[in-house]
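Chain residues, written in single-letter form:
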Amino acid sequence: MLAPKSHVLYNRVLQSFVKHKNQYILASFVALTLYVLFFITTNLSDIEDQHKPYSEVFYLSNEVLSDDVYAIKTLDGHHWELRDNLNFGMTDKVIWIKVKVNPKQTTISRIIRFQDPLVNVLNVWVFESGSNKLFNQLDAGDASPFNQRDIENGSFLVDIGDSSRPLDIYIRAQTNLGMNLSFSFWRASDFIAYNSDLTLFYGGVFGYAFAIFFFSLMMYATTQNIEYVFYSGYVASFSIHLAAVTGFGFQYIWPNAPNFQQLVATLSFNLTFFFIVLFTRHFVLYVGNKEYASLKNSWQAKVFTFIAFTYVALIFASAIWQTTFLLQLSILLLNVSIFGVVYICFTLARQGFKNANFFVWVWFGIFITVLLVTLNRLILNAVGLDPTFILIIGFFFETLVIGAALVLIYNRNKNRATRDKLLAIKDERKMLSAKDELLALQADAKQKLELEVKQQTARLESALKDLSKASKDLKQLRNVDSLTSLPNRFMFEELVQKNIVVSVRTRCPIAIAVIDIDCFKAINDEYGHIGGDEVLKHFAQLLLALSEIHGFDVCRFGGEEFVVLAVNFDNNKLLNVIDRFRLDYAKSKIHIGDQYLYSSFSAGISSAPLDSQKAYLTLLGEADKLLYRAKQKGRNRVLATA
Ligand SMILES: Nc1nc2c(ncn2[C@@H]2O[C@H](COP(=O)(O)OP(=O)(O)OP(=O)(O)O)[C@@H](O)[C@H]2O)c(=O)[nH]1
């Protein structure tokens, strides 16, 4: 069953590698660089190891107030204590040590090199053993200008000559930072070779630092992102600190400023942390984070700011008040702030703020570096490496991780930008196709609407036609007598109104004839109602034909009574026409089924200019009276007014 499990594991590793390819490549690069660096620094330390102390070192344990070496020399043996570890920790007391050199082992090593280049006062006297004969003397330390040194080197060097006799070396030292008096003996030629290696190495380190510093400033100039200023500030401060702790700064940059030399290590140390905290704050909380707003005024941002300004306070305090207490306070604050920052970065990383991941590593590196340097500088030589080398490795680790972070974040942002762009293009395409669809729909809807409108219009037109026909029919129904198809009395009244207007204008006479069929009741009685109707239809037909010939209007006035309205007719003219018609009618045969009959009518005629409704009624009344008279006179006659 082992094989499938290992297969699964292998697949997982492979998938993880494919997914996080860039991270793995960068991590390998960081690891490789650190390995090379470790290799170099170990080699540089090894050379020194070959010349490690060879003889006994004594430490003057009781506090002696005298600064006079000759007085010290007279002190009894019980004042002196054998001492292996020359790391005296945090003390600002004057330290005296005595080194007894066995000539057999030191004939080839004639230079003493002190490991720590940061000691404020360092006096070395080299005596021939058991005598007061001063062989060589060094009065150096950061409290005096650099060119006071016999051998101009970043580290303190003492030439002990080529004496083959035993030597007693007395060393007096005092400093305001941790006191480490570790030293080693060197053969001059070895030291020159070592020193040139060391110089080359430091040159490389400072070159690297300068490149990052300059690059960051350029990045700031290009992007205007303030975190690059913090980063270059961090690199610059760290480089100054390195220059201080290697003695390079005092040798080459500020040789005539011993006061500055005594302060610079602490100042640059605090300044470095000030910048790296601000850089972390910006990078973790803001850079590339969409959630920028949510973190802008978060408690994490406030804690970062507080820590950064604690370092500013320490910078001011240490510039005026350098004591071991302040150094202890700094180290305490440093540890608290490291834990604070790591905690924030760690929790943010777990919440998904990716940048915080990198800073967990960066601050872990800082923690390890500070721990090792503190241990080496202040307590004992815990690691085989010079504390300066530990600092350098730490510096490389941090800058490489930050560099990797920058690369990955840049890559991520670029990918995000590309993805956003692709999404935007996709969205645009979607929008365009939606627009097309909408246009098509609109066109379709327009077509449908047009069709609908056409159909509705057609329906409306047909309805209107129907309506107008209905209205015509209605009019017909209203104006026309259904039995005879002659205008009825209603229409006749309208005609009269029209003719009144004409007559008023033209003053022409209008004649009215009222005609009534004789003995119609008797016809009805004899031939039935239908027979009566046939007589009415027959009469109407003839009357209509007559009206068309003479151009007058006729109507069925009601029952068997008809009226003629003749414009521009006087009594006689109409009398002639109607009377002739009476004769013709009396002769016309009326068929009812297979029977037939003859009928007659009586009429009364009256004429006058028709200028008002009243005149019409008068005229109608006169004609009606004449009709009545005609009936009385025996029917079948036409009477007109004289
Ligand atoms: N068939 C038929 N008879 C009608 C119509 N309108 C009226 N009448 C009849 O016409 C007759 C009119 O009779 P009368 O008023 O007495 O007049 P008349 O019999 O003609 O006598 P004179 O007018 O005096 O000659 C009545 O019997 C009515 O019923 C109609 O439309 N059709």
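Treat the numbers as computed from the prediction; the structure is a model and nothing was measured.

What is the right way to look at the pairing of strand S17 (residues 601-609) in this model?
Two faces, one strand: in a regular strand the side chains alternate between the faces of the sheet. Counting buried positions over the nine residues of S17 gives seven, a clear majority of the element. Bridge count between S17 and strand S18 (residues 638-640): three bridges; the pairing is parallel. Bridge assignment links Gly604 to a residue of S18, and that residue is Leu639. Handedness of the β-α-β unit built from S17, helix H17 (residues 613-632) and S18 comes out left-handed.

Is there a simple way to explain a positive patch on the surface in this structure?
Taken together, Lys625, Arg629, Lys633 and Arg637 make up a surface patch of like positive charges. Residue position: Lys625 is located in helix H17.

Is there a simple way to think about the packing of helix H5 (residues 188-223) against helix H6 (residues 227-246) in this case?
Any two packed helices are characterised by how steeply their axes cross, that is the angle between the axes, and by the distance between the axes. Between H5 and H6, the shortest axis-to-axis distance is 8 Å and the interhelical angle comes to 160°. One way to sum up the angle between H5 and H6 is to call them roughly antiparallel. For the crossing formed where H5 meets H6, the hand is left-handed. Contact with H5, carried on its side by Tyr202, Val205, Phe206, Ala209, Ile212, Phe213, Ser216, Leu217, Met219, Tyr220 and Thr223, involves Tyr228, Val229, Tyr231, Ser232, Val235, Ala236, Ser239, Leu242, Ala243 and Thr246 of H6 and no other residues of that element. Here the contact of H5 with H6 is composed, by residue class, of 16 nonpolar, five polar and no charged.

Sorry, what's going on with the sheet that holds strand S4 (residues 95-101) here?
For sheets, the rule is that strands pair by backbone hydrogen bonds, running either parallel or antiparallel. Sheet architecture is open: six strands sit in the order S2-S1-S4-S9-S6-S7, paired in antiparallel fashion. Each of the sheet's edge strands pairs with one partner strand only, and the pair in question is strand S2 (80-82) and strand S7 (134-140). Recorded for the sheet is a direction-independent mean angle of 20° between the axes of neighbouring strands. Relative to S4, strand S1 (residues 56-60) runs antiparallel, the two being bridged by four bridges. Residue pairing across strands places Glu56 opposite Lys100, the latter belonging to S4.

Where do I start with the sheet that holds strand S8 (residues 157-159) in this structure?
Strand order in the open sheet formed by three strands is S8-S5-S11, and the pairing between neighbours is antiparallel. The sheet is open, and its two borders are formed by S8 and strand S11 (183-186), each paired with just one other strand. Sheet twist, expressed as the mean angle between neighbouring strand axes with direction ignored, is 20°. With four bridges connecting them, strand S5 (residues 111-114) and S11 associate as antiparallel partners. Following the sheet pairing, Arg113 is matched in S11 by Ser184.

When you look at the side chain of Asn180 in this model, what are you seeing that I'm missing?
Assignment of secondary structure puts Asn180 in strand S10 (residues 178-180). Residue class for Asn180 comes out buried when judged on its relative accessible area of 3%. Among the polar contacts made by the side chain of Asn180, one reaches the side chain of Gln115 at a distance of 3.4 Å. At 2.7 Å, the side chain of Asn180 and the side chain of Ser182 are in polar contact.

Looking at this structure, how should I read the pattern of salt bridges?
Close approach of charged atoms allows side chains with opposite charge to pair. Overall, the coordinates contain twelve salt bridges when judged by the stated rule. When the shortest N-O distance is used, the salt bridge between Lys133 and Glu128 registers 3.6 Å. A relative accessible area of 9% means that Glu128 is categorised as buried. Here Asp473 makes a salt bridge to Lys469, at a shortest N to O gap of 3.4 Å. Residue Asp473 and its partner Lys469 are located together in helix H13 (residues 387-479), separated by four residues, close to a single helical turn. Judged by relative accessible area, which is 51%, Lys469 ranks as exposed. Here the residues in one salt-bridge network are Asp516, Asp518 and Lys631, joined through shared partners.

Sorry, what's going on with the layout of surface pockets here?
Here the idea is plain: a probe the size of a water molecule rolls over the atoms and shows the empty space left. When its volume is computed, the largest pocket comes out at roughly 820 Å³. Lining the largest pocket are 22 residues, and of these His20, Asn22, Gln23, Phe358 and Leu408 sit closest to its centre. Sorting the residues of the lining of the largest pocket by element identifies helix H2 (21-49), helix H12 (354-379) and H13 as the ones contributing at least two each. Of all the elements, H13 adds the most residues to the lining of the largest pocket, at nine residues. Partitioning the lining of the largest pocket into residue classes produces ten nonpolar, six polar and six charged.

Is there a simple way to think about the pairing of strand S6 (residues 121-128) in this case?
Of all eight residues in S6, seven are buried; the element is thus mostly enclosed. With eight bridges connecting them, S6 and strand S9 (residues 167-174) associate as antiparallel partners. The residue bridging Val124 from the neighbouring strand is Ile171, located in S9. Across six bridges, the pairing between S6 and S7 is antiparallel.

Got a minute to help me understand the UniProt feature "coiled-coil region" (unreviewed entry) in the protein chain in this structure?
The sites that UniProt annotates as "coiled-coil region" (unreviewed entry) are residues 446-480. For residues 446-480, helix accounts for 97% and strand for 0%, while the C-alpha atoms at its two ends are 49 Å apart.

Just checking my understanding: could you explain a nonpolar patch on the surface for this structure?
Together, Ile320, Trp321, Phe325, Leu329, Leu332 and Val336 make up an exposed nonpolar region whose accessible area comes to about 650 Å². Here the element with the most residues in the nonpolar patch is helix H11 (residues 324-350); it accounts for four residues. Within the secondary structure, Phe325 is located in helix H11. A relative accessible area of 46% means that Phe325 is categorised as partly exposed.

Before we go on, may I ask you to explain the packing of aromatic side chains in this structure?
To describe a pair of aromatic rings, one takes the distance between the centres and the angle between the planes. According to the stated counting rule, one finds 48 aromatic pairs in the structure shown. Residues Tyr202 and Phe248 carry aromatic rings whose centres are separated by 5.2 Å and whose planes lie at 85° to one another, so their mutual orientation is edge-to-face. Residue Tyr202 is found in helix H5, and its partner Phe248 is found in helix H7 (residues 248-253); the two are separated by 46 residues along the sequence. You can call Tyr202 buried: its relative accessible area is 5%. When the ring of Phe552 is compared with that of Phe569, the centres are 5.8 Å apart and the planes differ by 80°; the resulting orientation is edge-to-face. Residue Phe552 is located in the loop between helix H15 (520-550) and strand S13 (553-558), and its partner Phe569 is located in the loop between strand S14 (561-567) and helix H16 (571-587); the two are separated by 17 residues in the primary sequence. Judged on exposure class, the residue Phe552 and its partner Phe569 are both buried. One residue, Arg83, lies across the ring of Tyr59, its end atom 5.2 Å from the ring centre. Across the ring face of Tyr596, the terminal group of Lys589 is positioned such that the distance to the ring centre comes to 4.3 Å.

Even after reading the chapter, I still don't get unusual backbone geometry, so can you show me in this structure?
Trans peptide bonds make up the majority, and among non-glycine residues the majority have a negative phi. Positive phi is not limited to glycine here, since Ser485 has a value of about 65°. Secondary-structure assignment places Ser485 in the loop between H13 and helix H14 (489-506). By relative accessible area, which is 53% here, Ser485 ends up exposed. In this structure, Arg507 takes a positive phi of about 60° despite not being glycine. Here Arg507 shows up in the loop between H14 and strand S12 (509-517).

About the cut-offs
- Residues numbered from 1 in each chain as written.
- Predicted model: local features only at pLDDT ≥ 70, side-chain atom pairs only at ≥ 80, totals over all residues.
- Heavy atoms only, no water.
- Buried < 20%, exposed > 50% of the residue type's maximum accessible area, 1.4 Å probe, protein only.
- Helix = DSSP H or I, 4+ residues; strand = E, 2+ residues; numbered from the N terminus.
- Pairing = 2+ DSSP bridges.
- Right-handed = clockwise from strand over helix to strand, strands pointing away.
- Patch = residues over 30% accessible without salt bridge, like charges linked within 9 Å, V, L, I, M, F, W, Y side chains within 5 Å.
- Areas by Shrake-Rupley, 256 points an atom, 1.4 Å probe, with all protein chains shown as cover.
- Salt bridge = Lys/Arg side-chain N within 4 Å of Asp/Glu carboxyl O.
- Lys, Arg positive; Asp, Glu negative; His and termini not counted.
- Charge placed at Lys NZ, Arg CZ, Asp CG, Glu CD.
- Axes fitted to C-alpha atoms, helices over the stretch in contact; angles between N-to-C directions.
- Parallel < 35°, antiparallel > 145°, perpendicular 65-115°, else oblique.
- Left-handed = near helix turned anticlockwise from the far one by under 90°.
- Contact = heavy atoms within 4.5 Å.
- Nonpolar A, V, L, I, M, F, W, Y, C, P; charged D, E, K, R; others polar.
- Polar contact = N/O pair within 3.5 Å; in protein donor to acceptor, adjacent residues only side chain to side chain.
- 1 Å grid on protein atoms, 1.4 Å probe; cavity = no way out; pocket = protein on both sides within 12 Å on 5 of 7 lines; lining within 4 Å.
- Points joined across faces, edges and corners; volume = space filled by probe spheres on them.
- UniProt positions renumbered as here; feature names shortened; annotations may be inferred.
- Phe/Tyr/Trp six-rings, centres within 6.5 Å; stacked < 30°, edge-to-face > 60°.
- Lys NZ or Arg CZ within 6 Å of the ring centre and 35° of its normal.

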